[in-house]
Amino acid sequence: MLGVLIVILSIFVVAEAKPRIASEQYIIYEPSNSKKLLSLKAGNKIKKIGSKSYSVKKKRNRNKSVVYSKKRDPCNRIKKIPGLKCEPDFEQKIDLVPSDYYYSIMWHLHHATYGIRAPAAWDVTTGSNDVVIGVLDTGTLTSHPDLSANLWVNPGEIAGNSIDDDLNGYVDDVYGINAILGNGNVTDDNGHGTHVAGTIGAVSNSDGVVGVAWNVKIVTGKFLGSDGTGWTSDAIAALDYMNDLKDDGLNIVAINHSWGGSGYSASLYNEFTRSQNLGILHPAAAGNGGVDNIGDNNDSIPHYPSSYNQDAIISVANLTNSGVLNTSSNFGATSVDIAAPGTSIASTYHINPWYVYMSGTSMATPVVTGIIALIASEYPHLTYSQIKTCITSSIISIPALPIQFPGTVDAEAALTCAGLLPTPTNTPAPPTATNTPVPPTATNTPIPPTATNTPIPPTNTPTATHTTVPPTATNTPVPPTATNTPIPPTATNTPVPPTATNTPIPPTATNTPLPTNTPTATPTFTSTPLTTSTPTATNTPIPAIPQFTLSTNPVKKLIPGKKFILNINSNIDTAGIVEFSFPKGKNCQKVANIDLSEGENSYKFKLPPGAGSYKKLFVRFTDQNSNSSYITRKIHNTGLTTSISRVCKVLAKAR
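Residues numbered from 1 in each chain as written. Predicted model: local features only at pLDDT ≥ 70, side-chain atom pairs only at ≥ 80, totals over all residues. Heavy atoms only, no water.

We now examine the overall build of the protein chain. A tally of helices and strands in the protein chain yields 10 helices and 28 strands. The buried share among the 655 residues of the protein chain stands at 44%. Long-range pairs, those at least 24 residues apart, make up 71% of the contacts in the protein chain with a sequence separation of at least 6. (Helix = DSSP H or I, 4+ residues; strand = E, 2+ residues; numbered from the N terminus. Buried < 20%, exposed > 50% of the residue type's maximum accessible area, 1.4 Å probe, protein only. Contact = heavy atoms within 4.5 Å.)

Okay, here's the thing in structure tokens:
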């Protein structure tokens, strides 16, 4: 009986089975009686199977208790008890798929061959609000319904009071900064940044699109203007702002760079070095070729910042849903790390229609950033280098790609890789270059003079003293032979003037210290915008995602075999297929080659035959141009509502 039960369960549970916690929970049963099935979790004291009692604890006793050790499988001991079997108790899950309106056309998430296998990754995690992602770009539409809940809000700033509350140099930096204006106005006036943010972290809310990470916080650094260009100095300011946030304790794990160009900047490189030392990853667009829009080899034609020699940078190329690089995508066997889906990516937009397709390495880069957010959410202890290793080594292999790791990103495999990595120590990775100033080539110790300043003694010491010569006879004075007028001395006692003055000889070298080691000033920026700030996506947005509305003629009930009128309102000219069933899931009818024009289109259909009457009609329209099916939000004219059906997608209720 138990064997039959297990087989039946395996038929209906289609999701991949995973242990709840390895060696923690087990099924203990008696094969002869399927009703006596026990799920025993390690640590439980007493459980009964029939008339027998069992426990999981650290000591064995005479009552057939089982020894449990974290290093040993309890089933090894349980299996030794006669009449008792043991096996791991696996947790079963459905594949988690979002209900968002445009999910079916977001091929990068679920394409059977070249998608990132997001549904399997979402079974592990959909992200965490403790993880913060920075986006350096054209800004963000903060009021967008798919983004507002996932935007980081500065706890130290009071919105709208025109005061720099947190004293960081920026007024009202509630969601981030505008480095162009030097304030907190991050409004997107181009659309590029909003599209990037949506690809990373649009919320799953049964409306619009969904990001790779459903739960995440996004902080905005706007440095590109409405034309998609900006200044290197503003990029440095925006990156410095995010580095300061990280330094102050905000858990920024990655910063997305969907921009770049050919100009090398030493000052921007230094800011990336600081960011790497803080443990931040930097997915960066490999670029979209030159003026010819044909991809270049970054090994010979560098593209910055993706070509900076930094361990924390992940250079990303643009893959199509055919498994080849887009013709505009840059590549490089040593300089471009990996490919990711980046062609015809549906995401959020800053103006109506609010959702558009865009293509470019700009669109591929946030796909990688979103996977980083998933890994950091589930395994917050990992270092940036460990996360990068899992991103670049866990790939869907495409050997012909001319990049360093020939393949495209695989979210499921990357999460599996991360789960197998050991917990790193808390010792930060050593920086690639130290900030210790280079010692001067000569010390500043004054050079001693070649001669001392001690005055040279004069050579003109008098040759005779002033002592009076004693008399040659007795003390009786000899009467002078002449007058008592003393004989004048033969030479005066006036000292002979020295032959040289006593002025000290000046030293041959002065005591003035050598010039100090004042650092060279940082060069000023030119007043011409640099090409390094050009976004890597095409500037012409792809037309909005098609939208359709359905309505029926007012009826109280639907009669089998009778005709009804279906109105299809379209925002584009297209052809498609209409399917409907009546009742639910049965006799589904298909009418092909329905040509729609922009506006309202009326078509008369006949209900399939059947018995009785019904108040529900299930309808689906499939656009043949995009091979995508659409449901409606509201049935017009009659006030009828809609919901999703397993078979025909759109449900119209007649009354």
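Once you've had a look at it, read on.
Here we come to the packing of aromatic side chains. This model, assessed by the stated rule, comprises 12 aromatic pairs. On the numbers, 5.5 Å between centres and 85 degrees between planes, the contact of Tyr170 with Tyr241 is edge-to-face. Of the two residues, Tyr170 is situated in the loop between β10 (127-137) and β11 (176-178) and Tyr241 in helix α6 (residues 232-247); the sequence distance between them amounts to 71 residues. By the burial criterion, Tyr170 is buried, and Tyr241 matches it. Summarising the aromatic geometry, the rings of Tyr264 and Tyr304 are spaced 5.4 Å apart at their centres and angled 80 degrees between planes, so their arrangement reads as edge-to-face. Linking Tyr264 in the loop between β13 (252-257) and α7 (266-277) with Tyr304 in the loop between β14 (282-285) and β15 (313-319), this pair joins segments that are 40 residues apart in sequence. (Phe/Tyr/Trp six-rings, centres within 6.5 Å; stacked < 30°, edge-to-face > 60°.)

Let us look at the pattern of salt bridges. All told, the structure shown has 6 salt bridges when counted by the stated rule. Here Asp240 ties to Arg274 by a salt bridge, and the two come within 2.7 Å at their closest N and O atoms. Taken together, the residues Asp240 in helix α6 and Arg274 in helix α7 connect sequence positions 34 residues apart. Arg274 serves as the salt-bridge partner of Glu271, at 3.3 Å between the closest nitrogen and oxygen. Placement of the pair is Glu271 and Arg274 together in helix α7, with a separation of 3 residues, close to one helical turn. On the accessibility criterion, Glu271 (11% relative accessible area) is buried. On the basis of relative accessibility, which here comes to 25%, the residue Arg274 falls in the partly exposed class. The structure contains a network of salt bridges with shared partners spanning Asp240, Asp244, Asp247, Glu271 and Arg274. (Salt bridge = Lys/Arg side-chain N within 4 Å of Asp/Glu carboxyl O.)

Under the criterion given, the structure shown has 1 disulfide. What pairs with Cys390 in a disulfide is Cys417, and their sulfur atoms sit 2.1 Å apart. Looking down the S-S bond of the Cys390 and Cys417 bridge, the torsion is -75 degrees, so its handedness is left-handed. Of this pair, Cys390 sits in helix α9 (residues 384-393) while Cys417 sits in helix α10 (residues 411-420), and the two are 27 residues apart along the sequence. The same class applies to Cys390 as to Cys417, namely buried. (Disulfide = S-S within 2.5 Å.)

On to a positive patch on the surface. Judged by side-chain charge, Lys562, Lys563, Lys604 and Lys606 come together as a positively charged surface patch. Here Lys604 is to be found in strand β25 (residues 599-606). (Patch = residues over 30% accessible without salt bridge, like charges linked within 9 Å, V, L, I, M, F, W, Y side chains within 5 Å. Areas by Shrake-Rupley, 256 points an atom, 1.4 Å probe, with all protein chains shown as cover. Lys, Arg positive; Asp, Glu negative; His and termini not counted. Charge placed at Lys NZ, Arg CZ, Asp CG, Glu CD.)

Looking now at the environment of Cys417. Classification of Cys417 as buried rests on a relative accessible area of 17%. Sequence-distant contacts of Cys417, defined by excluding residues within four places in its chain, comprise Cys390, Ser393 and Ser394.

This part is about the pairing of β15. Among the 7 residues of β15, 7 are classified as buried, and the element is accordingly described as predominantly covered. Here β15 shows two buried faces, one formed by Ile313, Ser315, Ala317 and Leu319 and the other by Ile314, Val316 and Asn318. Sheet topology places β14 next to β15; 4 bridges connect them, and they run parallel. Bridge pairing links His282 to Ile313 in β15. As judged from the 4 bridges shared by β15 and strand β16 (residues 338-341), these two strands associate in the parallel manner. Across the sheet, residue Val316 finds its bridge partner in β16, namely Ile338. (Pairing = 2+ DSSP bridges.)

Turning to helix α8 (residues 361-378), a few remarks are in order. The first and last C-alpha atoms of α8 sit 27 Å apart over 18 residues, in line with the 26 Å expected at 1.5 Å per residue. Along α8, 17 of the 18 residues are buried, which leaves the element largely enclosed by surrounding structure. (Expected span 1.5 Å × (residues − 1).)

Bringing the nonpolar core into the picture now. Soluble, globular proteins show a tendency: their nonpolar side chains are buried together. Ranked by internal contacts, the top residues of the largest apolar core, which has 74 residues, are Leu109, Ile116, Ile371, Ile372, Ile375, Ile391 and Val409. If you tally residues by element for this core, the top one is α8, at 10 residues. Ranked by size, the runner-up nonpolar core spans 26 residues in total, among them Met242, Leu245, Ile255 and Tyr308. (Core = buried A, V, L, I, M, F, W, Y, C linked by side-chain atoms within 4.5 Å.)

Okay, the side chain of Thr140 next. Inspection of the secondary structure assignment puts Thr140 in the loop between β10 and β11. Setting aside residues up to four positions removed in sequence, Thr140 forms contacts with Leu147, Leu151, Val186, Thr187, Asp188, Thr194, Ala197 and Thr220.

Right, let's talk about unusual backbone geometry for a bit. A cis amide bond links Tyr304 with the next residue in sequence, Pro305, at an omega value of 15 degrees. Looking at the element boundaries, Pro305 is found in the loop between β14 and β15. Cis geometry marks the peptide bond from Asn352 to Pro353, where omega comes out at 25 degrees. Mapping Pro353 onto the fold places it in the loop between β17 (345-348) and β18 (355-358). A positive phi angle is found at Ser162, which is not glycine, with a value near 55 degrees. For Ser162, the position within the fold is in the loop between β10 and β11. The phi dihedral of Asp172 is positive, around 55 degrees, even though this residue is not glycine.

With that out of the way, let us pick up α10. Count 3.6 residues to each turn of an α-helix, and residues three or four apart come out pointing the same way. Considered for burial, the residues of α10 that qualify are Ala411, Ala414, Leu415, Cys417 and Ala418. Down the axis of α10, the buried set is contained in an arc of 160 degrees. They therefore lie on one face. For α10, the capping residue at the N-terminal end is Asp410, with a side-chain oxygen 3.2 Å from the backbone nitrogen of Glu412. (Arc of directions from axis to C-beta. Polar contact = N/O pair within 3.5 Å; in protein donor to acceptor, adjacent residues only side chain to side chain.)

This brings us to the confidence of the model for the protein chain. Looking at the protein chain as a whole, its pLDDT mean stands at 73, while 58% of the residues score no less than 70. The model gives residues 440-533 a pLDDT under 50, and that stretch makes 59 contacts with residues more than four places away or in other chains. The low-confidence segment residues 538-544, where pLDDT is below 50, has 14 contacts with residues more than four positions distant or belonging to other chains. (pLDDT = per-residue confidence, 0-100.)

This paragraph deals with the packing of α6 against α7. The geometry of α6 relative to α7 is characterised by a closest axis approach of 10 Å and an angle of 15 degrees between their N-to-C directions. By the angle class used here, α6 and α7 are roughly parallel. When you trace α6 past α7, the crossing you get is left-handed. Residues Thr232, Ile236, Leu239, Asp240, Asn243, Asp244 and Asp247 of α6 touch α7, and the partners they reach there are Ser267, Leu268, Glu271, Phe272, Arg274 and Ser275. The class makeup of the residues in the contact of α6 with α7 is 4 nonpolar, 4 polar and 5 charged. (Axes fitted to C-alpha atoms, helices over the stretch in contact; angles between N-to-C directions. Parallel < 35°, antiparallel > 145°, perpendicular 65-115°, else oblique. Left-handed = near helix turned anticlockwise from the far one by under 90°. Nonpolar A, V, L, I, M, F, W, Y, C, P; charged D, E, K, R; others polar.)

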